[in-house]
Amino acid sequence: MSATVLSKPMRWAIGGWSFFIAENFILSENRTYLINNFGDNAYHYAYGTLSTAAMSSVFYGYFRKVKDAPPFIFKGPIPLGAKVASFICLSLGLGMASQIPPKLQIPVQFVKNSASDENTIATSAAAIEPIQDQVGWKVRCPFDFTDNKDTNSPVHGLERISRHPGLWSFGLLGLGGAFLVPSLPQGVWLAMPSMVALIGGAHTDSRFRRGMGGELSEEYDRVTSNVPFVAMLSGSQGNVIDVMKDFSSEIKPLNAALAVGTAGLWVLSKGRVVPRR
């Protein structure tokens, strides 16, 4: 076991992402000190340089050291349990990402305006004319740009799932991919973004609670969570059933349906896997 963990592919799988997490943690935690002593420009130059170096090592390691590297967890067909786990993670990850673009809607709509709904209208000549029934198909924009956010509620939509939906969407997509690969180092590399979301989100919350680089109000902190669904299912947002009903009315359903369908097709496309030697 120790030999596997200490193997070169595993070191590259874990090391690059760990470097990225560490440099973000250290620089952001010492943000005020570094800016006061070295200036804002120097701080952001250092941040950008180290983040670029970290991500370069992440992708170099993947393509040159990690991808298809032994040991292998399975050979032949992908286990059913792995496919199910992958589908759940990919559906959640893509589903969260799908809520960022405008709401999708079917570009045609069947409309029936009855004259009984509004019997008369005033014409330019001040005469009164009856409105005729209007029945038929109406073409509309495939995107709905209206915002139905409830300003009276402290949380809405993806905020109910996590305070950091972008991070967790990225992490869950990687985790979903990890279940579909036979290579253990490759699977670990793909799963590491979930650690970025867990540690990075927790550290951001910690800094914001202390007023470093942002704010996190007590109420918002109480009714939301870093880890997905914890606040929803723990009762922090109210009765769980009522919260689920509110959430279902706040999301963009067609966007989510396309995301889940895409996840399903991706998993189904993954058949027999023969690891490279």
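The model shown is predicted, which means the values in this text are computed figures rather than measured ones. Along each chain, the written sequence defines residue order, and numbers are assigned to residues from 1. Totals for whole chains, interfaces and linings use all residues, but because this is a predicted model, local features are given only for residues with pLDDT of at least 70 and pairs of side-chain atoms are given and counted only at 80 or more. Side-chain measures were taken over the full set of non-hydrogen atoms in the model, leaving aside hydrogen atoms and water.

Attention now moves to the overall build of the protein. Labels follow the DSSP assignment, with helices taken as runs of H or I lasting at least four residues and strands as runs of E lasting at least two, numbered in each case from the N terminus. Scanning the protein for helices and strands turns up 11 helices and eight strands. Residue burial is assigned from relative accessible area. The probe radius is 1.4 Å, only protein chains are included, and a residue is buried under 20% of its type maximum, exposed over 50%, and partly exposed in between. Classification of the 277 residues of the protein by burial places 36% in the buried group. Here the protein has roughly 16400 Å² of accessible surface; of this, 63% comes from carbon and sulfur atoms. Accessible surface area values rest on a Shrake-Rupley calculation with a 1.4 Å probe, where residue burial reflects the displayed protein chains alone.

A pair of aromatic rings is counted whenever rings of Phe, Tyr or Trp (Trp by its six-membered ring) have centres within 6.5 Å, and the orientation is called stacked for planes under 30 degrees apart, edge-to-face for over 60 and tilted otherwise. Taken as a whole and judged by the stated rule, the model has eight aromatic pairs. On the basis of an interplanar angle of 40 degrees and a centroid distance of 4.3 Å, the ring pair of Tyr62 and Trp189 is categorised as tilted. Here Tyr62 is found in helix α4 (residues 40–66), whereas its partner Trp189 is found in helix α7 (residues 184–209), with 127 residues between them in sequence. The class of Tyr62 is buried, set by a relative accessible area of 11%.

With that settled, the discussion passes to a nonpolar patch on the surface. Nonpolar side chains (Val, Leu, Ile, Met, Phe, Trp, Tyr) within 5 Å and like charges within 9 Å form the patches, drawn only from residues with over 30% relative accessible area and no salt bridge. For this analysis, a salt bridge means a side-chain nitrogen from Lys or Arg found within 4 Å of a carboxyl oxygen belonging to Asp or Glu. Among the surface-exposed residues, Ile106, Val108, Phe110, Val135, Trp137, Val139, Leu254 and Leu258 lie close enough to one another that they form a single nonpolar patch of about 850 Å² accessible area. Sorting the residues of the nonpolar patch by element identifies β3 (108–113), β6 (134–139) and α11 (253–268) as the ones contributing at least two each. At three residues, β6 tops the list of elements feeding residues into the nonpolar patch. As for its position among the elements, Leu254 is in helix α11.

The next subject is the packing of α4 against α7. Angle between the axes and distance between the axes: these two values describe a pair of packed helices. Viewed as axis vectors pointing N to C, α4 and α7 meet at an angle of 165 degrees, and their least axial separation amounts to 11 Å. Classified by the angle their axes make, α4 and α7 are roughly antiparallel. Regarding α4 and α7, the two cross each other, and that crossing is left-handed. Facing Val58, Phe59, Tyr62 and Val66 of α4, the residues of α7 in contact are Pro185, Gln186 and Trp189. Taken together, the residues of the contact of α4 with α7 sort by class into six nonpolar, one polar and no charged. Here, axes are lines fitted to C-alpha atoms. For helices the fit covers the stretch in contact, and angles between N-to-C directions go from 0 to 180 degrees. Any angle between 65 and 115 degrees counts as roughly perpendicular, while under 35 counts as roughly parallel, over 145 as roughly antiparallel, and the rest as oblique. We call a crossing left-handed when the near helix sits turned anticlockwise from the far one by less than a right angle, and right-handed when that turn is clockwise. Residues are treated as being in contact if the distance between any of their heavy atoms lies within 4.5 Å. Under the scheme applied, nonpolar residues are Ala, Val, Leu, Ile, Met, Phe, Trp, Tyr, Cys and Pro; charged residues are Asp, Glu, Lys and Arg; polar residues are all the others, including Gly.

Its location among the elements puts Lys252 in the loop between α10 (240–250) and α11. Given a relative accessible area of 19%, Lys252 falls into the buried group. Within polar-contact distance, the side chain of Lys252 engages the backbone oxygen of Pro101 at 2.5 Å. The contact partners of Lys252, leaving out residues within four places of it in the chain, are Gln99, Ile100, Pro101, Pro102 and Lys103. The definition of a polar contact used here is a pair of N or O atoms within 3.5 Å, where within protein one atom must be able to donate a hydrogen and the other to accept one, and adjacent residues in sequence count solely through side-chain atom pairs.

Here we take up the confidence of the model for the protein. pLDDT is a per-residue confidence score from the predictor, ranging from 0 to 100. Taken over all residues, the pLDDT of the protein has a mean of 89, while the share at 70 or more is 86%. Mean pLDDT values for the elements of the protein range from 44 in strand β4 (residues 120–122) up to 98 in helix α6 (residues 165–178). A low-confidence stretch, residues 115–128 (pLDDT under 50), is modelled with 15 contacts involving residues beyond four sequence positions or located in other chains.

As a further point, take the nonpolar core. Remark: nonpolar core denotes a set of buried residues (Ala, Val, Leu, Ile, Met, Phe, Trp, Tyr, Cys) joined through side-chain atoms within 4.5 Å. Membership of the largest hydrophobic core comes to 17 residues, with the highest contact counts inside it found for Trp17 and Trp189. Counting only elements with at least two residues in this core, the list comes to α2 (8–29), α4 and α7. With six residues, the single largest contributor to this core is α7. Residues in contact with Trp17, not counting those within four places in the same chain, are Met55, Val58, Phe170, Trp189, Met192, Pro193 and Val196. Ranked by size, the runner-up nonpolar core spans nine residues in total, among them Leu158, Ala197, Met232 and Phe247.

Tallied over the full model, the rule gives five salt bridges. Arg210 is paired through a salt bridge with Glu29; the nearest N and O atoms lie 2.9 Å apart. Placement of the pair is Arg210 in the loop between α7 and α8 (218–223) and Glu29 in helix α2, with a sequence separation of 181 residues. On the accessibility criterion, Glu29 (26% relative accessible area) is partly exposed. Among the salt bridges present, the one from Asp221 reaches Arg163, with a minimum N-O distance of 3.2 Å.

Between the first and last C-alpha of α7 there are 37 Å, a value that for 26 residues agrees with the 38 Å anticipated at 1.5 Å per step. Note on bend: the value at a residue is the angle between axes fitted to the seven residues ending there and to the seven starting there. Bending of α7 peaks at approximately 30 degrees at the position of Leu190, with proline Pro193 no more than four residues after it. Where α7 begins, the side chain of Ser183 points an oxygen toward the backbone nitrogen of Gln186, at a separation of 3.2 Å. A helix is expected to span 1.5 Å for every residue after the first.

Locating Asn255 in the fold gives a position in helix α11. Beyond its immediate chain neighbours, meaning those up to four positions away, Asn255 contacts Ser98, Gln99, Pro101, Pro102, Lys103 and Leu104.

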